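So you can see what is in the structure, the chains are spelled out below.
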Amino acid sequence: MIRPLLILFMTLAHLFMIDHLSRMNGVAALNFDNWLMVFLKAGLAKSGVPLLSLISGYLAVVSLERYGYGQVLWRKAKRLIWPLFWSNLLFIILITYPEQARDPNVRPDLQIYPFDLLGWFQATFAFYRLPANEPLYFLKDLYTCFLLLPLLMVVSRVRFLNVAVIVWMAYKCIYLKSAFFFEVFPLWFIRFDIVFAFYVGILLNFWQKDLVIKNRNVNLGLVLLFLAATSLASVAYVVLAKPDYEVLFLWTDFVVKVCSVAGCIGIMSLLAGYPGRLSRGLERMSPYAYTLFLTHVFTFTFFTRAYLHFFPVPEFFSVAGYLYVFTMLLTAVIVSMVLKSAWTRLVVKVRAWA
């Protein structure tokens, strides 16, 4: 039930009209508009990746014991690398290539137009670059975690060393280090907190800790902790200029991510322990969540183009802005459901013909 909610949080990072970076890189007025922009994109939007990584690590232990290392890599390649390939390739053909042909300043870190083999490879497989479909860096980094799974499993079972590795990984997360050992692909992470959370998930499995907390008050406390930490961090992000407080921002970002994992575990536990309309709705949406993750930037891009063809750029804090965001999110969800349903039916028909 938590997966579609986390992915919805992640989609907030790609709402093009919300410019939170200008608020963070300079000193802005502390008002509700500026605070909410930063809260959504610098706080809430980052809460999905860490917990999804932690759950993946937690479940990876069971998968390794059941299937073996080779089979796990093969299964995860079909689940992670294959979608990484086709989704980025489609994104290059439909969006990045024509946009860069019109404006070379579009994704200047990638050489897409004119055709460059290395540039296309980097854009497709997140080779030392954010891929064309930017949020799919998560798939590449997560697969690297599975490549490291045997090593992480061994380390997690060595007393004291397992805790020392947590400290070492936390340092790398805080100071945005990218290499696990060396700057060698694929052991190079766009976000090191992914492997950090993955490893914590392995440890929690080894320590036989349940990810679902039964105590309602504890869960509510964790949710409030997450909201309070993110709210206070957003205040700091607005009133302080990031270039002047780099270290403070790095530490604050790490604390917010840790609190986000705790808060989302609290939300997950509340949804599991007290089922209602929200939990049932999320459960129904769960089969389409991965498709939403893969396709939401496509939908956002084409929706925005169509919107701006007929209407002026909306102000975020206006009725038009709220309708724009709500309609775009709803469209992304509907598109993911249609594509997933169509693909499932196609697979069933192909298997029947075979």
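The following refers to the structure shown. For every chain, the first residue of the written sequence is number 1, and numbering continues from 1 along that sequence. Thresholds applied to this predicted model are a pLDDT of at least 70 for local features of residues and 80 or more for the giving and counting of side-chain atom pairs; totals over whole chains, interfaces and linings are not thresholded and use all residues. Where side-chain values are given, they derive from all heavy atoms of the structure, hydrogens and water being excluded.

**With respect to the packing of aromatic side chains**
At step 1: When the centres of two rings from Phe, Tyr and Trp lie within 6.5 Å, Trp using its six-membered ring, the rings pair. Their planes under 30 degrees apart give stacked, over 60 give edge-to-face, and anything left gives tilted. Evaluation of the coordinates by the stated rule reveals 30 aromatic pairs.
At step 2: Pairing Trp 168 with Phe 192 gives two aromatic rings, centres 6.2 Å apart and planes at 90°, and the pair type is edge-to-face. Taken together, the positions of Trp 168 in helix α9 (residues 161-174) and Phe 192 in the loop between α9 and α10 (193-206) put the pair 24 residues apart, joining distant regions of the chain.
At step 3: Buried, partly exposed and exposed residues are distinguished by accessible area as a fraction of the type maximum, computed with a 1.4 Å probe on protein chains only: under 20%, between the cut-offs, and over 50%, respectively. For Trp 168, a relative accessible area of 31% puts it in the partly exposed group.
At step 4: Judged by relative accessible area, which is 3%, Phe 192 ranks as buried.
At step 5: Look at Tyr 171 and Tyr 175: their rings are 5.2 Å apart centre to centre, the planes differ by 45°, and that puts the pair in the tilted class.
At step 6: Residue classification places Tyr 171 among the partly exposed residues on the basis of a relative accessible area of 43%.
At step 7: Of the residues examined, Tyr 175 reaches a relative accessible area of 32% and is grouped as partly exposed.
At step 8: What links up through ring pairs into an aromatic cluster is the set Trp 82, Phe 85, Phe 121, Phe 125, Phe 127, Tyr 128, Phe 185 and Trp 188.
At step 9: The residue whose ring lies beneath Lys 140 is Phe 189, and the NZ or CZ to ring-centre distance is 5.3 Å.
At step 10: Look at NZ for Lys and CZ for Arg. If either is within 6 Å of the ring centre and within 35 degrees of the ring normal, a charge sits over the ring. In this arrangement the basic side chain of Arg 216 is found over the ring face of Tyr 274, its NZ or CZ atom lying 4.8 Å from the centre. Segments assigned H or I by DSSP are reported as helices when at least four residues long, segments assigned E as strands when at least two residues long, and all are numbered from the N terminus.

**Focus: helix α7 (residues 137-147)**
At step 1: When you tally the buried positions in α7, you get ten out of eleven residues, the bulk of the element.
At step 2: Every buried residue of α7 is accounted for by Tyr 137, Phe 138, Leu 139, Lys 140, Asp 141, Leu 142, Tyr 143, Thr 144, Cys 145 and Phe 146.
At step 3: Contact definition: two residues touch when any of their heavy atoms are within 4.5 Å. Residues of α7 that are buried sit in contact with α4 (48-67), α5 (69-102), α6 (117-125), α8 (149-156), α10 and α13 (277-310).

**Overview of the state of the cysteines**
At step 1: Throughout, a disulfide means two cysteine sulfur atoms within 2.5 Å of one another. Overall, the coordinates contain zero disulfides when judged by the stated rule.
At step 2: Unpaired in terms of disulfides, Cys 259 finds its nearest cysteine sulfur in Cys 264, a separation of 11 Å.
At step 3: What makes Cys 259 buried here is its relative accessible area of 11%.

**Quick notes on the packing of α8 against α9**
Two quantities define a packed helix pair, namely the angle between the axes and the distance from one axis to the other.
At step 1: Where α8 meets α9, the axes come as close as 7 Å, and the angle between the chain directions of the two elements is 125°. Put simply, α8 runs oblique to α9. Side by side, α8 and α9 meet where Leu 152, Val 155 and Ser 156 of the first sit next to Leu 161, Asn 162, Val 165 and Met 169 of the second.
At step 2: In this classification, Asp, Glu, Lys and Arg are treated as charged, Ala, Val, Leu, Ile, Met, Phe, Trp, Tyr, Cys and Pro as nonpolar, and every other residue, Gly included, as polar. Across the contact of α8 with α9, the residue classes tally to five nonpolar, two polar and no charged. Think of each axis as a best-fit line through the C-alpha atoms, taken over the contacting stretch in the case of a helix, with angles from 0 to 180 degrees between the N-to-C directions. Every angle not falling under 35 degrees, over 145, or within 65 to 115 is termed oblique; those three ranges are roughly parallel, roughly antiparallel and roughly perpendicular.

**A closer look at α8**
Three- or four-residue spacings in an α-helix give side chains the same orientation, since the helix completes a turn every 3.6 residues.
At step 1: All of the buried residues in α8 are Leu 149, Leu 152, Met 153, Val 155 and Ser 156. Buried residues in α8, looked at end-on, bunch into an arc of 165°, giving them a common side.
At step 2: Summarising the contacts, the buried residues of α8 are in contact with α4, α7, α9 and α10. Here the arc refers to the set of directions running from the helix axis out to each C-beta atom.

**Looking at the pattern of salt bridges**
At step 1: We define a salt bridge as a side-chain nitrogen of Lys or Arg found within 4 Å of a carboxyl oxygen belonging to Asp or Glu. For the coordinates displayed, the defined rule picks out nine salt bridges.
At step 2: Close ionic contact of Lys 46 with Asp 253 constitutes a salt bridge, the shortest N to O distance being 3.0 Å. On the criterion of sequence distance, the pair formed by Lys 46 in the loop between α3 (32-43) and α4 and Asp 253 in helix α12 (residues 246-273) is long-range, its members being 207 residues apart.
At step 3: Owing to a relative accessible area of 27%, Lys 46 belongs among the partly exposed residues under this scheme.
At step 4: A salt bridge links Arg 191 to Asp 193, with the shortest nitrogen-to-oxygen separation between them at 2.7 Å. No difference in accessibility class separates Arg 191 from Asp 193, as the two residues are buried.
At step 5: Shared partners join several salt bridges into a network, and the residues in it are Lys 46, Arg 191, Asp 193, Asp 253 and Lys 257.

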